[in-house]
Amino acid sequence: MRFGVITFPGSNGDHDALMAVEMGLGQPVELVWHTETDLSRFDCLIIPGGFSYGDYLRAGAIARFAPVMESVRAFAEAGGPVLGICNGFQILTEAGLLPGALLRNASLSFECAWVFVRVENDRTPWTQALAPGTILRLPIAHGEGRYYADTATLEQLERDRRVVFRYVDADGRVTPEANPNGSLNNIAGVCNERGNVVGLMPHPERAYDRLVGGDDGLRVLSAVLRAGVEVASTPRGLGSGHTQR
Amino acid sequence: MSSTQGWRADVYVALKPGVNDPQGLAVRDGLHRLGYDEVSQVRVGRYIQVWLEAPDETTAAARVREMCERLLANPVIEEYRFQVVRIDAGH
């Protein structure tokens, strides 16, 4: 399965993703510069973490206009698996490919830590075969990761089970203490209506080997291998999953 | 020549009232520590100036509103207001 990792000026998680796919999964992977527009050679895409365009205006706000983003949108609308990590999650919400927004952490601190998240939804290519309730230990590193959506959107996300990851304690309990940034409902990651686009603040690509502190992230990255191209042809949900904003 | 005129939009962007603003809270606490006990609330936003050409104020305002919706503000979390002022050529 061929992975594409999008690099924007200011991305810093792109090489982490490259290493994780190469060394952790042993799959072919390429960095894709933000000016490229042909993504047809890829089976799945990772939008990595970092500070694209210096986080000017709002995190992810400028990256959304990069030439490559139109192709990412087309790829997502065709059902291709897309994973947005940290800044990648912020970019996908700014682009309207995922609902909600990521706000400055409630603590006002840049939070750099290992956290626990619980898998809530296994109907995405990135969580397939991870039973709901599975607890993963993943690192976070962000200043703007507080998930927010208005009440109606939030209720709909919960009703449609589109919350994919939730911050929990080591025993899997949703508590305020386990919430590193003040995200509503302890939300760490969500998906689009169809389920093929997933965004999360924690960094699975930085947890691909015990040598780097943990390997739970591989379970997320490798899930897509099982999904294969089948995902592209089996739409879930009703809408096309865009213009949610 | 053409009938376009120069305008400047002063755009104010802030988090919606219901959205927790930790920056504002931190600034409020700072003001309290300086002795400004009368301060009850602070919210921190963004001020953006946009210079543009448009045939009239209505058109200028319509364009700026669109800019706010599409980029200057994120309607999911932010609200905005702006005023458009006429500027003389050369400014």
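Preceding this paragraph is the structure being described.
This one's a predicted model, so the numbers in the text were calculated from it and none came from an experiment.

Trainee: Before we move on, could you go through the overall build of chain B and cite the residues and values that matter?
Mentor: Broken down by element type, chain B carries 2 helices and 3 strands. Starting at the N terminus, the α and β elements of chain B follow one another as β-α-β-α-β. In terms of its C-alpha atoms, chain B occupies a principal-axis envelope of roughly 60 × 30 × 15 Å. In chain B, buried positions account for 33% of the 91 residues. The contacts of chain B with a sequence gap of at least 6 include a subset with a gap of at least 24, amounting to 72%. Just so you have it, chain B exposes about 5,800 Å², and 51% of that area is on carbon and sulfur atoms.

Trainee: Outline the interface of chain B and chain A, supporting the account with residue identities and numerical values.
Mentor: With 18 residues of chain B at the interface, the matching set in chain A holds 16 residues. Carbon and sulfur atoms supply 63% of the area buried between chain B and chain A, which totals about 1,400 Å² over both sides. As a salt-bridge pair, A:Arg58 and B:Glu78 come within 3.7 Å of each other at their nearest N and O atoms. Summed over the shared surface of chain B and chain A, the number is 6 residue pairs in polar contact (both at pLDDT 80 or more). Mapped onto the side of chain B that touches chain A, the elements with two or more residues apiece are α1 (22–33), β2 (45–54) and α2 (57–72) of chain B. Grouping the amino acids of the side of chain B that touches chain A by side-chain chemistry returns 11 nonpolar, 3 polar and 4 charged.

Trainee: How would you summarise the packing of aromatic side chains if you had to cite specific residues and measurements?
Mentor: Residue and element names in this part refer to chain A. Summed over the entire model, instances satisfying the criterion amount to 4 aromatic pairs over all chains. Measuring from centroid to centroid gives 6.1 Å for Phe89 and Tyr147, while their planes differ by 10°, and the two rings are stacked. One end of the pair, Phe89, is in helix α3 (residues 87–94); the other, Tyr147, is in strand β8 (residues 146–148), with 58 residues separating them in the sequence. Per residue, the accessibility class of Phe89 equals that of Tyr147, and both read buried.

Trainee: Before we move on, could you go through the side chain of A:Thr127 and cite the residues and values that matter?
Mentor: All names here are of chain A. On the secondary structure map, Thr127 appears in the loop between β6 (111–119) and β7 (135–142). Relative accessible area serves as the criterion here: at 0%, Thr127 is assigned to the buried category. Looking at Thr127, its side chain comes within polar contact range of the main-chain oxygen of Asn121, at 2.6 Å. Reaching out from Thr127, the side chain makes a polar contact with the side chain of Thr124 at a distance of 2.8 Å.

Trainee: Lay out the environment of B:Ser3 with the relevant residues and their values.
Mentor: Residue and element names in this part refer to chain B. Mapping Ser3 onto the fold places it in the segment before β1 (5–15). Overall, Ser3 belongs to the exposed group, its relative accessible area being 56%. Placed 52 residues apart in sequence, Ser3 and Pro55 show a C-alpha to C-alpha distance of 5.7 Å.

Trainee: Give a description of the pairing of strand β2 (residues 29–33) of chain A that names residues and reports values.
Mentor: The two faces of the sheet receive side chains in turn, since in a regular strand these alternate between them. Residues and elements named next belong to chain A. Relative to β2, strand β1 (residues 3–7) runs parallel, the two sharing 5 bridges. For Ile6, the partnering residue across the bridge sits in β2 and is Val32. For the crossover that starts at β1, traverses helix α1 (residues 14–25) and ends in the parallel β2, the hand is right-handed.

Trainee: An account of the sheet that holds strand β3 (residues 78–87) of chain B is needed here, citing residue identities and associated values.
Mentor: All names here are of chain B. Strand order across the open sheet formed by 3 strands is β2-β1-β3, with antiparallel pairing between neighbours. Edge positions in the open sheet fall to β2 and β3, since each of these has one partner strand only. Strand-to-strand twist across the sheet, computed as the mean angle between neighbouring axes with direction ignored, equals 20°. Direction of pairing for β1 relative to β2: antiparallel, over a ladder of 10 bridges. Looking at the pairing, Tyr12 lines up with Tyr47 of β2. On top of the sheet, α2 reaches β1, β2 and β3; it is set at about 150° to β3, its chief contact.

Trainee: Account for the state of the cysteines, with residues named and values stated.
Mentor: If you walk through the whole model with that rule in mind, you get 0 disulfides over all chains. Distance from the sulfur of A:Cys44, which forms no disulfide, to the nearest cysteine sulfur (A:Cys191) is 16 Å.

Trainee: I'd like to hear about the environment of B:Ala61, residue by residue, with values.
Mentor: All names here are of chain B. Here Ala61 shows up in helix α2. Among the residues examined, Ala61 registers a relative accessible area of 17% and is labelled buried. Measuring from C-alpha to C-alpha, the distance between Ala61 and Phe82 comes to 8.5 Å, with 21 residues separating the pair along the chain. Not counting chain neighbours up to four residues away, the residues in contact with Ala61 comprise Phe82 and Val84.

Trainee: Account for the sheet that holds β7(A), naming residues and giving values.
Mentor: All names here are of chain A. The mixed open sheet is built from 9 strands, whose spatial order is β2-β1-β3-β4-β11-β10-β9-β6-β7. Looking at the sheet topology across the chains shown, the edges are occupied by β2 and β7. Adjacent strand axes in the sheet meet at a mean angle of 25° when their direction is disregarded. Sheet topology places β1 next to strand β3 (residues 44–47); 3 bridges connect them, and they run parallel. When the sheet's bridge partners are listed, Val5 is paired in β3 with Ile46. Here α3 sits on the sheet and contacts β3, β4 (82–85), β10 (187–191) and β11 (197–200); the angle it forms with β4, its principal contact strand, is near 115°.

Scoring rules and cut-offs
Residues numbered from 1 in each chain as written. Chains lettered and ligands numbered in written order. Predicted model: local features only at pLDDT ≥ 70, side-chain atom pairs only at ≥ 80, totals over all residues. Heavy atoms only, no water. Helix = DSSP H or I, 4+ residues; strand = E, 2+ residues; numbered from the N terminus. Buried < 20%, exposed > 50% of the residue type's maximum accessible area, 1.4 Å probe, protein only. Contact = heavy atoms within 4.5 Å. Areas by Shrake-Rupley, 256 points an atom, 1.4 Å probe, with all protein chains shown as cover. Buried area = accessible area lost by both parts, 1.4 Å probe. Salt bridge = Lys/Arg side-chain N within 4 Å of Asp/Glu carboxyl O. Polar contact = N/O pair within 3.5 Å; in protein donor to acceptor, adjacent residues only side chain to side chain. Nonpolar A, V, L, I, M, F, W, Y, C, P; charged D, E, K, R; others polar. Phe/Tyr/Trp six-rings, centres within 6.5 Å; stacked < 30°, edge-to-face > 60°. Pairing = 2+ DSSP bridges. Right-handed = clockwise from strand over helix to strand, strands pointing away. Axes fitted to C-alpha atoms, helices over the stretch in contact; angles between N-to-C directions. Disulfide = S-S within 2.5 Å.

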